[in-house]
Amino acid sequence: MQTDQTWERDEYVISTERARLDLNVIHDFLTHSYWATGISRAIVEQSIEHSLPFGVYHGTRQVGFARVISDYTTFAYIADVFIIEEFRGNGLSKWLVETMTTHPELQGLRRWMLMTRDAHGLYAKAGFSPSKTPERLMERTFPDIYQSSMERKNR
């Protein structure tokens, strides 16, 4: 499982090849995002290690990223989706989500999930909808965990 795959469209490429990922680009974006502010590089690296990563490239430059956390049998969770601002408006995020949800190793899953503050329209185009049973959905969250980790390290 998890063989490297590549998809090409115009001058862009999506790849699951880990060696191709630019961890500096990924960490810089995530540490300034609303969902992972202050995340350490070590946590970013570990999260990628335990996921199926999708890098988006323009030539050799990484311009986007996302990852899927899955058991490859019943469930997948999409996380850390982004396209660098200067490359937005080219349909890359739609293509990225489409590529993830049609990945050959992620077919036949019973449930896909994700969380978003502002991209509902993007995900709706890929078949996502609000939970039909929100009364069953539960979560345990620690929204300031990365800031707390930084504070502990600085003591």
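Remember, it's a predicted structure, so these values are computed and weren't measured experimentally. (Residues numbered from 1 in each chain as written. Predicted model: local features only at pLDDT ≥ 70, side-chain atom pairs only at ≥ 80, totals over all residues. Heavy atoms only, no water.)

Considering the side chain of Gln62
- Looking at the element boundaries, Gln62 is found in strand β4 (residues 61-70).
- When its relative accessible area of 2% is taken as the criterion, Gln62 is described as buried.
- A polar atom in the side chain of Gln62 sits 2.6 Å from the backbone nitrogen of Asp22.
- At 2.9 Å, the side chain of Gln62 forms a polar contact with the backbone oxygen of Gly64.
- Every residue in contact with Gln62, bar those within four places of it in the chain, is listed here: Arg20, Leu21, Asp22, Val25, Ile26, Gly55, Val56, Tyr57 and Ile84. (Helix = DSSP H or I, 4+ residues; strand = E, 2+ residues; numbered from the N terminus. Buried < 20%, exposed > 50% of the residue type's maximum accessible area, 1.4 Å probe, protein only. Polar contact = N/O pair within 3.5 Å; in protein donor to acceptor, adjacent residues only side chain to side chain. Contact = heavy atoms within 4.5 Å.)

Structural notes on the nonpolar core
- Ranked by internal contacts, the top residues of the largest apolar core, which has 38 residues, are Ile26, Val68, Leu92, Leu96, Met100 and Tyr123.
- For this core, the elements supplying multiple residues, two or more each, are β2 (12-15), α1 (23-31), α2 (41-49), β3 (52-58), β4, β5 (75-83), α3 (92-101) and α4 (120-124).
- Setting aside its immediate chain neighbours within four residues, Val68 contacts Ser51, Leu52, Phe54, Ala76, Tyr77, Ile78, Met100, Leu106 and Trp112. (Core = buried A, V, L, I, M, F, W, Y, C linked by side-chain atoms within 4.5 Å.)

Remarks on the packing of aromatic side chains
- A complete count under the given rule lists 7 aromatic pairs for this structure.
- With a centroid separation of 6.2 Å and an interplanar angle of 45°, the aromatic rings of Phe29 and Trp35 are classed as tilted.
- Residue Phe29 is classed as partly exposed on the basis of its relative accessible area, which comes to 22%.
- Judged by its relative accessible area of 32%, Trp35 is partly exposed.
- Ring plane angle 40° and centroid distance 6.1 Å describe the contact between Phe65 and Phe82, whose orientation is recorded as tilted. Taken together, the residues span a long stretch of sequence, with Phe65 in strand β4 and Phe82 in strand β5 at a distance of 17 residues. Here Phe65 matches Phe82 in class, with each residue buried.
- Among the aromatic residues, those joined into a ring-pair cluster are Phe29, Tyr34, Trp35, Phe65 and Phe82. (Phe/Tyr/Trp six-rings, centres within 6.5 Å; stacked < 30°, edge-to-face > 60°.)

As for the sheet that holds β5
- Spatially, 6 strands are ordered β1-β2-β3-β4-β5-β6 in an open sheet, and the strand pairing comes out mixed. What marks the edges here is a single partner per strand, and that holds for β1 (6-9) and β6 (111-113). The mean inter-strand angle of the sheet, taken between neighbouring strand axes irrespective of direction, is 20°.
- By the bridge criterion, 4 bridges tie β2 to β3 in an arrangement that is antiparallel. Residue Ser15 lies in a different strand from β3, and its bridge partner there is Gly55. (Pairing = 2+ DSSP bridges. Axes fitted to C-alpha atoms, helices over the stretch in contact; angles between N-to-C directions.)

Some remarks on the pairing of β4
- Among the 10 residues that make up β4, 7 are buried, leaving the element largely enclosed by the rest of the structure.
- By the bridge criterion, 7 bridges tie β3 to β4 in an arrangement that is antiparallel. In the strand pairing of β4, Pro53 is matched with Arg67.
- Between β3 and β4, which follow one another and run antiparallel, lie 2 residues, and Gly59 among them has a positive phi close to 65°.
- Of the strand pairs in this sheet, β4 and β5 are connected by 6 bridges, and their pairing is antiparallel. Counterpart to Arg67 in the pairing with β5 is Ala79.

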